[in-house]
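Commentary on secondary and tertiary structure
The residues making up each chain are set out below.
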Amino acid sequence: MSEPCSVCWRHCAPPEGGRGVCGGRQTVNGRVVSANYGQLTALALDPIEKKPLRHFHPGSRILSVGSYGCSLHCPFCQNHEISMPAGRIPVRNVTPEELAQLAYQLKEEGNIGVAYTYNEPLISYEYVRDCGKLIHEKGMYNVLVSNGMASLEVLGEISPHIDAMNIDLKSFSEQWYREVLGGDLNMVRAFIREAVRTAHVEITTLIIPGVNDSDQEIRQMAAWIASLDRNIPYHLSRFFPAYRMKDQKPTPVQTVYHLADVAAEYLEHVHTGNC
Ligand code: SF4
């Protein structure tokens, strides 16, 4: 019998050699550990605004890396080829030392550090932690782009090394998080509440027509974020059809602009994306 995984609410306890629901963690010697440690599926030097972060070193670029697997199963996932790999996906093995060296070499091209992104980085929090230490030793920054569905124990492991985060708040419906995404809204809220105490945090909501595009839901989320800090930047992003929601229409641009006005009644910095 293996010890259950402590990363997210599912507490998977796969048999020896088996994988958890996220596909990125595996039982080895009775413990659930990262199976995708250092296995990169994507690596790019991106503008920091693409993470999106608008209030952390604007105009800079950041080496962005991702692996495979995710603790959520969103039917609208824009990165489903790597977040929910059905079969084998090509990977490049990169040790923390190699990643830190590469990040440092890219300084000349405007790189300020490493962003852990694309799939859910916290299912391999061990890699984020180990790389993060080395990146800081080189005087560079670490950025986390996460769904926020991880325990405070995991946050405690990585937070000494993380300078900025963009965290998704996909909805304010506990039922939708649980039944459609396979997540836990309370875990996400607890993660955000704690993260803002240790790092620069910006929050993103993807606006999906008929799902989370009501004034009421945006008001609830914006008011809750403001209760933490009115200065937390909030990004409202336009949905485009993807994965299992290819038959839906994109969010009307006017809807996103209108909801940004609603959120701005509560928050100082509201940004629209993909418009
Ligand atoms: S991180 Fe993965 S293995 Fe761990 S509890 Fe969540 S889904 Fe299961």
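Shown above is the structure to which this text applies.
Okay, so let's go over this structure. Predicted model only: the values in this text are computed from it and were never measured.

A few words on the side chain of Arg238. Considering the arrangement of structural elements, one finds Arg238 in strand β11 (residues 234-238). For the buried Arg238, no salt bridge is present, and the opposite-charge side chain at shortest range is Asp213, 11 Å distant. Engagement of the side chain of Arg238 in a polar contact is seen with the backbone oxygen of Thr251, the distance being 2.6 Å. Sequence-distant contacts of Arg238, that is, excluding residues within four places in its chain, are made with Leu206, Ile207, Pro250, Thr251, Pro252, Val253, Val256, Gly273, Asn274 and Cys275.

Take the packing of aromatic side chains next. This structure, assessed with the given rule, holds four aromatic pairs. When the ring of Phe56 is compared with that of Tyr141, the centres are 5.4 Å apart and the planes differ by 80 degrees; the resulting orientation is edge-to-face. Placement of the pair is Phe56 in the loop between β4 (42-47) and β5 (61-66) and Tyr141 in strand β8 (residues 141-146), with a sequence separation of 85 residues. The partly exposed category is assigned to Tyr141, whose relative accessible area is 30%. Over the aromatic face of Tyr104 sits the side chain of Lys138, whose NZ or CZ is 5.2 Å from the ring centroid. If you follow Arg178 out to its NZ or CZ, it ends over the ring of Trp9, 3.9 Å from the centre.

In this fold, Gly59 is placed in the loop between β4 and β5. Look at Gly59 and you get exposed, because its relative accessible area is 67%. Placed 10 residues apart in sequence, Gly59 and Glu49 show a C-alpha to C-alpha distance of 7.5 Å.

Along the chain, Ser171 falls in the loop between β9 (164-168) and α5 (174-181). At 2.8 Å, the side chain of Ser171 forms a polar contact with the side chain of Glu217. Apart from the residues within four sequence positions on either side, Ser171 is in contact with Trp176, Tyr177, Leu185, Glu217 and Met221.

Attention now goes to the pattern of salt bridges. This model, assessed by the stated rule, comprises 11 salt bridges. A salt bridge links Asp46 to Lys51, with the nearest nitrogen and oxygen atoms 2.9 Å apart. Judged by its relative accessible area of 5%, Asp46 is buried. With a relative accessible area of 7%, Lys51 lands in the buried category. Arg129 is the salt-bridge partner of Asp130, the closest N and O atoms lying 3.0 Å from each other. Taken together, the shared-partner salt bridges connect Asp46, Lys50 and Lys51 into one network.

On to the environment of Asn79, then. Residue placement: Asn79 occurs in the loop between β5 and α1 (80-83). Given the relative accessible area of 30%, Asn79 is considered partly exposed. C-alpha separation for the pair Asn79 and Tyr68, spaced 11 residues apart in sequence, amounts to 9.6 Å. For Asn79, the side chain forms a polar contact with the main-chain oxygen of Tyr118, separated by 2.9 Å.

Membership of the largest hydrophobic core comes to 69 residues, with the highest contact counts inside it found for Tyr116, Met165 and Leu169. Apart from residues no more than four positions distant in its own chain, Met165 is found in contact with Leu53, Leu144, Leu155, Phe191, Ala195, Ala199, His200, Val201 and Glu202.

Let us look at the sheet that holds strand β12 (residues 270-273). Strand order in the open sheet formed by eight strands is β4-β5-β7-β8-β9-β10-β11-β12, with mixed pairing between adjacent strands. Strands with a single pairing partner mark the edges of an open sheet, and in this sheet they are β4 and β12. Each adjacent strand pair in this sheet contributes to an overall mean axis angle of 25 degrees, direction not counted. Strands in contact with helix α2 (residues 96-105) are β4, β5 and β7 (111-116); relative to β7, the strand with the most contacts, it is inclined by about 145 degrees.

We now examine unusual backbone geometry. A cis amide bond links Lys51 to the next residue, Pro52, at an omega of -10 degrees. Non-glycine residue Tyr118 carries a positive phi angle of around 70 degrees. Topologically, Tyr118 is positioned in the loop between β7 and α3 (125-137).

The complete set of buried residues in helix α8 (residues 253-263) reads Val256, Leu259, Ala260, Val262 and Ala263. All buried residues of α8 lie within an arc of 155 degrees about the axis, which places them on one face of the element. Of the residues in α8, the exposed ones pointing more than 90 degrees away from the buried face are Gln254 and Asp261. Check the buried side of α8 and you find it contacts β10 (200-207), α7 (215-228), β11 and β12.

Reading the values: rules and limits
Residues numbered from 1 in each chain as written. Predicted model: local features only at pLDDT ≥ 70, side-chain atom pairs only at ≥ 80, totals over all residues. Heavy atoms only, no water. Helix = DSSP H or I, 4+ residues; strand = E, 2+ residues; numbered from the N terminus. Buried < 20%, exposed > 50% of the residue type's maximum accessible area, 1.4 Å probe, protein only. Lys, Arg positive; Asp, Glu negative; His and termini not counted. Salt bridge = Lys/Arg side-chain N within 4 Å of Asp/Glu carboxyl O. Polar contact = N/O pair within 3.5 Å; in protein donor to acceptor, adjacent residues only side chain to side chain. Contact = heavy atoms within 4.5 Å. Phe/Tyr/Trp six-rings, centres within 6.5 Å; stacked < 30°, edge-to-face > 60°. Lys NZ or Arg CZ within 6 Å of the ring centre and 35° of its normal. Core = buried A, V, L, I, M, F, W, Y, C linked by side-chain atoms within 4.5 Å. Pairing = 2+ DSSP bridges. Axes fitted to C-alpha atoms, helices over the stretch in contact; angles between N-to-C directions. Arc of directions from axis to C-beta.

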